[in-house]
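This is what each chain is made of:
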Amino acid sequence: MNILELNGISKKYDQEEILRNVNLKIKKGTNLGLIGPTGCGKTTLLRIIDLLETPDSGKIVFNDIDVLNSSKKEKIQIRRKIGMVFQKPVVFRGTVMENVAYGPDIRGRDKNELKGKISEKLESLGLGGYEDRDASSLSGGETQRMALARVLINEPELLVLDEPTANLDPLSTEKIESIILELKKNETTVIMATHDLIQGQRLCDEIAILNHKIFQIGSPEDVFSKPKNRFVADFVGVKNIIQGHAEAASEGLSAINTSSLIIYSSESLKGPVHASIRPEDITISLNKVETSALNEFKGEVSEISKQGALVNVKINVSGEIFMVYMTRKSFLDMELTIGSPLWIQFKASAVHVFK
Amino acid sequence: MNEFLNGMLQAINLILTLNPELVEITTRTLFISLSATFIAALIAIPLGGLINFKKFKGKRSLINLIQTLYSLPTVLVGLFVFLLLSQQGVFGDLNLLFTPTGMIIGQTLLILPILIGFTITALKTVGKDLTDLSISLGASEFQTIYTIMREAKYAIMAAVILGFGRAISEVGVAIMIGGNIRGATRVITTTISLETSKGNLELSIALGIILLGIALIINLMLNQIQEN
């Protein structure tokens, strides 16, 4: 069952288009990562989901309720089922206890009954014994965790996190991340914005690449290895992107004609396309070899850069640049320098084709 | 110089012996200015909140106007209230001219702009972030306004104390509406003004010391609040 559905959400500020026709469906219990560059509309989208902003057009359905057409009272009821932690958490004047008790308080819950629960929650977030501290005296990481406690105490069905670890030290980041992973067990649905791809991959079941509109949504593996378009490919750091025109070739393959090469792919997309080959899927040799790989080209080394145990070697093949990774050992064994001639090979199944 | 020293000594004597006239004037002054501040706060805090939280046309101009009125000359307020309360005025039948009640009305009007304006500023500094936080945590509109008011309470208290400071130290309204009638409407500032012109320095100095003392207390209270 979908806990939240967004249909055709658009939003403009002044004349600037922040969101364009955003569609999202989120299943209960999913951890969705919203990933995109700074200024891509992540925060605006999250604020729309938290009902802090109203979209110019579109439809929001939360638990089968049409949110935008509901009354003020109903909206408060819906908002009470959604918890949001802002990128820069702010605190109310008062103690940590008073801050965390705010949500239950306005819901009219019994204070004395709550105290134990709040202490438990603080304990689980590594803030045990912080009850009576002045909330404004906490460090950035502590404030962020308190903000999380302040939201979690209300047991939201949907948790919205805006860059929960931005500007935090590694230790605090790790704590927050483990808390988010912990939430998965309770079937809490989480939508989190991040610009950190690795974090998205680590914490989320699904990721959506956003830049004013959603460019791709899917499992992290899919998005990272099979970007659907150039924006996603560039954004997730896909290497070896080549532009060309794909046509059908024999045996279900497609042949991608760049201006200088013909590359075979096992994917079927036709027309003007981009193709990408992951560096780790490319092998190199000093001489032409007998191989099952359909793609084999002769080129020469154009750039060498050392990174830790690996060496990145860029190879120029008739004007197209291919990057490959080598271990230091094989790099030394092959005695490569700039201008060295060599052969590269990769399988048709290693060529990902996208628009 | 000798005259001043002499006056100073006699003034201290008046204060230490709790001179009845001195006590009477001080009590009346505090009563009038505290009442005016209390009434002004009752009007200004909700009104300031209303102006801050509601969106309406001309909001910016209204706030500008209120801020301009911070430096409203006291004699102008005096004149305005005089015209309202005098026999020919709209409220002439109430017979409030030359009464403490009339003075309270005048001082209330005098400090209202400061109280409203500073309340708006105080609420504004609480910021959109906390408003959003409150709404996001599930607060209703009323609960949100209450929360923001509570967040701004120290700044609002400072505004109230500032208003009291202006009320107690002004002369224009007190003399024009009160008329400086002995035993009825005489307050600290008007007495200083009259007694000095009569050459009766010791009472003036004694009242001056008391006024300064009140200013000091106000200042200490403001500092205390700002520390919170």
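Residues numbered from 1 in each chain as written. Chains lettered and ligands numbered in written order. Predicted model: local features only at pLDDT ≥ 70, side-chain atom pairs only at ≥ 80, totals over all residues. Heavy atoms only, no water.

Description of the overall build of chain B
So, step 1. Per the secondary structure count, chain B includes 10 helices and zero strands.
So, step 2. The order of helices and strands in chain B, counted from the N terminus, is α-α-α-α-α-α-α-α-α-α.
So, step 3. Along the first, second and third principal axes, the C-alpha atoms of chain B reach 65 × 45 × 25 Å.
So, step 4. Expressed as a percentage of the 228 residues in chain B, the buried residues total 44%.
So, step 5. Once local pairs closer than 6 in sequence are excluded, the contacts in chain B between residues at least 24 apart make up 74%.
So, step 6. Per element, the accessible surface of chain B, about 11,700 Å² overall, is 70% carbon and sulfur.
So, step 7. Between the averaged position of the 14 positive side-chain charges in chain B and that of its 12 negative side-chain charges there is a distance of 12 Å. (Helix = DSSP H or I, 4+ residues; strand = E, 2+ residues; numbered from the N terminus. Buried < 20%, exposed > 50% of the residue type's maximum accessible area, 1.4 Å probe, protein only. Contact = heavy atoms within 4.5 Å. Areas by Shrake-Rupley, 256 points an atom, 1.4 Å probe, with all protein chains shown as cover. Lys, Arg positive; Asp, Glu negative; His and termini not counted. Charge placed at Lys NZ, Arg CZ, Asp CG, Glu CD.)

Some thoughts on the packing of helix 3 (residues 59-68) of chain B against helix 5 (residues 100-136) of chain B
Residues and elements named next belong to chain B.
So, step 1. Contact geometry of helix 3 with helix 5 gives a least axis separation of 8 Å together with a crossing angle of 130°. With respect to their mutual orientation, helix 3 and helix 5 come out oblique. The way helix 3 lies across helix 5 gives a crossing that is left-handed. Contacts between helix 3 and helix 5 involve R60, I63 and I66 on the former and, on the latter, P113, I116, G117, I120 and K124.
So, step 2. Split by residue class, the contact of helix 3 with helix 5 holds five nonpolar, one polar and two charged. (Axes fitted to C-alpha atoms, helices over the stretch in contact; angles between N-to-C directions. Parallel < 35°, antiparallel > 145°, perpendicular 65-115°, else oblique. Left-handed = near helix turned anticlockwise from the far one by under 90°. Nonpolar A, V, L, I, M, F, W, Y, C, P; charged D, E, K, R; others polar.)

Looking at the domain arrangement of chain A
For interface size, the figure often reported is the accessible area lost on association.
Residue and element names in this part refer to chain A.
So, step 1. Segmenting chain A into domains produces domain 1 (2-235) and domain 2 (241-354).
So, step 2. Of the residues lining the interface, eight residues belong to domain 1; the matching set on domain 2 comes to six residues.
So, step 3. Summing both sides of the interface, domain 1 and domain 2 together bury roughly 560 Å²; the carbon and sulfur share of this comes to 65%.
So, step 4. Of all residues in domain 1, the largest losses of buried area upon contact with domain 2 belong to S225, P227 and R230, amounting jointly to 64% of the total for that side.
So, step 5. For the pair domain 1 and domain 2, the interface holds two residue pairs in polar contact (both at pLDDT 80 or more).
So, step 6. Of all the elements, helix 10 (residues 230-235) adds the most residues to the side of domain 1 that touches domain 2, at three residues.
So, step 7. Residue classes in the side of domain 1 that touches domain 2 are distributed as two nonpolar, two polar and four charged. (Domains from an automatic or database assignment. Buried area = accessible area lost by both parts, 1.4 Å probe. Polar contact = N/O pair within 3.5 Å; in protein donor to acceptor, adjacent residues only side chain to side chain.)

Here's the deal with the nonpolar core
So, step 1. Formed by 89 residues in total, the largest nonpolar core has its most connected members in L4, L45, I49 and L158 of chain A.
So, step 2. Residues within four places of L45 of chain A in sequence aside, it is in contact with L6, L19, V22, L24, L34 and L210 of chain A.
So, step 3. Counting residues in each nonpolar core, the second largest holds 28 residues, with I63, I66, L85 and A174 of chain B among its members. (Core = buried A, V, L, I, M, F, W, Y, C linked by side-chain atoms within 4.5 Å.)

A short note on the interface of chain B and chain A
So, step 1. Opposite the 19 residues of chain B that make contact, chain A presents 21 residues.
So, step 2. Between chain B and chain A the total buried area reaches about 1,800 Å² when both faces are included, carbon and sulfur atoms providing 55% of it.
So, step 3. Contact with chain A buries surface across chain B, with L133, S136 and L137 of chain B losing the most and accounting together for 34% of the total.
So, step 4. Across the chain B-chain A interface, the total number found is two salt bridges.
So, step 5. Where E141 of chain B meets K72 of chain A, a salt bridge forms, and the shortest distance between an N and an O atom there is 2.8 Å. (Salt bridge = Lys/Arg side-chain N within 4 Å of Asp/Glu carboxyl O.)

Focus: the sheet that holds strand 5 (residues 65-66) of chain A
Residues and elements named next belong to chain A.
So, step 1. One open sheet holds the four strands; their spatial order is 2-1-4-5, and the pairing between them is antiparallel. The open sheet has two free edges, formed respectively by strand 2 (16-27) and strand 5, since each of these has just one partner strand.
So, step 2. Pairing of strand 1 (residues 2-13) with strand 2 involves eight bridges; the strand directions are antiparallel. Bridge assignment links N2 to a residue of strand 2, and that residue is K27.
So, step 3. Taken strand by strand, helix 1 (residues 42-49) contacts strand 1, strand 2 and strand 4 (57-62), and its axis lies near 125° from that of strand 1. (Pairing = 2+ DSSP bridges.)

Quick look at the pairing of strand 16 (residues 295-307) of chain A
Residues and elements named next belong to chain A.
So, step 1. In this sheet, strand 19 (residues 341-346) lies alongside strand 16 in antiparallel orientation, the contact comprising six bridges. Looking at the pairing, F297 lines up with I344 of strand 19.
So, step 2. Note that strand 16 and strand 17 (residues 310-317) share seven bridges and pair antiparallel. The residue of strand 17 that forms the bridge with Q307 is L310.

Points about helix 4 (residues 74-85) of chain B
It helps to recall that an α-helix has 3.6 residues per turn; residues three or four apart then point in one direction.
All names here are of chain B.
So, step 1. Here helix 4 spans 16 Å end to end across 12 residues, near enough to the 16 Å set by a 1.5 Å rise per residue.
So, step 2. Buried residues of helix 4: T74, V77, G78, V81 and L85, and no others. Projection of helix 4 onto a plane perpendicular to its axis shows the buried side chains occupying an angular sector of 105°, all on one side. (Expected span 1.5 Å × (residues − 1). Arc of directions from axis to C-beta.)

As for the side chain of T258 of chain A
Residue and element names in this part refer to chain A.
So, step 1. Mapped onto the elements of the fold, T258 is located in the loop between strand 12 (254-257) and strand 13 (262-265).
So, step 2. Judged by its relative accessible area of 4%, T258 falls in the buried class.
So, step 3. Here L261 takes part through its backbone nitrogen, which lies 2.9 Å from a polar atom of the side chain of T258.

Details of the environment of T30 of chain A
All names here are of chain A.
So, step 1. As for its position among the elements, T30 is in the loop between strand 2 and strand 3 (31-35).
So, step 2. Taking the relative accessible area as the measure of exposure, T30 reaches 9% and is therefore buried.
So, step 3. Along the chain, T30 and K314 lie 284 residues apart, while their C-alpha atoms are 40 Å from each other.
So, step 4. Only 2.6 Å separates the side chain of T30 from the backbone oxygen of K27, close enough to count as a polar contact.

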